[in-house]
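Results of the structural survey
The chain contents come next:
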Amino acid sequence: MYRPDLPEDEAPGTRFLLFPQSPFFESNPRPELVEVSAPPGSLGPGPSGPRMYTVNPVGKTTPFGAIIDRPKGPGMYLPPWNGPVNPPAEPDEDGNFTYLDPTDPAFEAAHLFGSAHFTMDVWEGYFGRAIPWHFERDFDRLELSLLPSLDNAHIGWGFLETGGTWEHGDEYRAYSLNFDVVAHEIGHAIIYSVIGMPAPEDTPGEYYGFHESAADMVALVAALHFGSVVEELLENTRGNLYSFNRLSRFAELSENAQIRMAANDKTLSQFECGWSSEHALSEPLTGAMFDIFVDIYHERLLVHDLISPEMEDLSDQLEDSPEYGDVMQEMFDERYAENPDGFRIALLEARDFLGSYLADAWSLLDAEMLSYLGVERALVQVDQEITDGAFRQIIEGNFRMREVGIVDVGPRLTEPDEHSHAVSTRTRVPE
């Protein structure tokens, strides 16, 4: 259970039950008990708190952010929802929301709120400060809204709205119950606040690719603050993070379907002639960050004498080889069996290095001048300040493998569609 910057003798936070991973591919999914930083009794029905609140509208069909006709002319449709609502999730007598069963209609609202709040807690811990909303000019709080007719989840000017999908059989799968999806959208809000909103006419394409990658990393690091994710990850992989596992998957929809992969072999050469999707363009950067994370993890295993230098060197040599799994898994199986707790400590240390490095590096970036090479340079600067350059070769080596600083990304080849953040409700700002 993770609550940043709270002394051990501080009063506990408000408790929620959250699914750390998508519950839709497991026969008997079990939510995990977590605490958010809000003290018990400080959250009201909804749930609702000082920085965000949840509504479950009745009869709402138009998603927030859409352009609608108004008495004064067309404009953005923005919170708050003032129509009828379904019964809100109520706190129990101790101020917690753990009594709600996943079959209770109010559980979805509580899960959406808890996921958003938990993600913000994790990342405000890494930033060492409160992260203001990028829309604070107009709204003090984020409205978390459930809209089943929306086949998407999106964050925008004052809102985070989640729908669901019917694409996998006859079962409706609510995105509000998918922690990765909610954390990814909160990641966009963090980046908008820290780095700035884009100016569509002159924002470089790498800004949009970076945005998707950064939101993925927000979700990945946040997920690693669930004890069950860490334990299951290590038990399934025996510490070999390059094996196919849940850590390398985002926004899982079923056992065999996922929106993006963290562990990938994409390079910028694939975009030298141009690009159409920022989601695809994000993959070389996400892949580089995942490799940096795994390399730092291996370094921590070395520090704790959990693997040998020869084993680490062999892992680097075989990383892109089809023999990697057969050769390395046997070694990891043997070493992990000797000290599972040591592997868990090394993984958590690598997680916190990554989270701290990203928070500090993102704080050095600017939306109007953003590039993948700039991300690399910011990480190198942060590494120098924190560890006197202990991971510089890891950072630079993984960015070179993705051809950052070697290959220039070409122009956008197609006009942005409804899936692009360049013209989506996420980046739309009212006059």
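Please refer to the structure higher up on the page.
Residues numbered from 1 in each chain as written. Predicted model: local features only at pLDDT ≥ 70, side-chain atom pairs only at ≥ 80, totals over all residues. Heavy atoms only, no water.

1. Things to note about the side chain of Arg173
Our working rule: In this text, helices come from DSSP runs of H or I with a minimum length of four residues, and strands from runs of E with a minimum of two, each type numbered from the N-terminal end. Polar contact is the term for a pair of N or O atoms within 3.5 Å; when the atoms are in protein, one must be able to donate a hydrogen and the other to accept it, and sequence-neighboring residues count only if both atoms are side-chain atoms.
Mapped onto the secondary structure, Arg173 falls in strand S10 (residues 173-174). Within polar-contact distance, the side chain of Arg173 engages the side chain of Glu171 at 3.2 Å.

2. Quick notes on the pairing of strand S1 (residues 14-18)
Inclusion rule: Burial classes: relative accessible area under 20% of the type maximum marks a residue as buried, over 50% as exposed, and values in between as partly exposed (1.4 Å probe, protein chains only). DSSP calls a pair of strands paired once it identifies at least 2 bridges connecting them.
With four of five residues buried, S1 is to be regarded as a mostly interior element. Pairing analysis gives five bridges linking S1 to strand S2 (residues 32-36), with the strands arranged antiparallel. Its bridge partner lying in S2, Phe16 is registered against Val34.

3. Details of helix H9 (residues 372-387)
Selection rule: By this rule the span expected of a helix is its residue count minus one, scaled by 1.5 Å. Note on contacts: a residue pair qualifies if any of its non-hydrogen atoms lie within 4.5 Å across the two residues.
Taking 1.5 Å of rise per residue, the 16 residues of H9 would be expected to cover 22 Å, and the 22 Å separating its terminal C-alpha atoms lies within 8% of that figure. Buried within H9 are the following residues: Tyr372, Val375, Glu376, Ala378, Leu379, Val380, Val382 and Asp383. At its buried positions, H9 is contacted by helix H3 (205-223), helix H5 (278-303), helix H8 (340-362) and helix H10 (392-401). Asp388 occupies a position one or two residues after H9 and carries a positive phi of about 60 degrees.

4. With respect to the nonpolar core
Cut-off, in case you're wondering: Residues enter a nonpolar core if they are buried and are Ala, Val, Leu, Ile, Met, Phe, Trp, Tyr or Cys, with the set joined through side-chain atoms within 4.5 Å.
Trp123, Ile195, Phe210 and Trp362 are the most contacted members of the largest nonpolar core, which totals 121 residues. Top element by residues in this core is helix H1 (residues 105-127). It accounts for 13 residues. Look past the residues within four positions of Trp362 in its chain and what remains in contact with it is Trp123, Phe127, Ile191, Val194, Ile195, Phe210, Ala214 and Val218.

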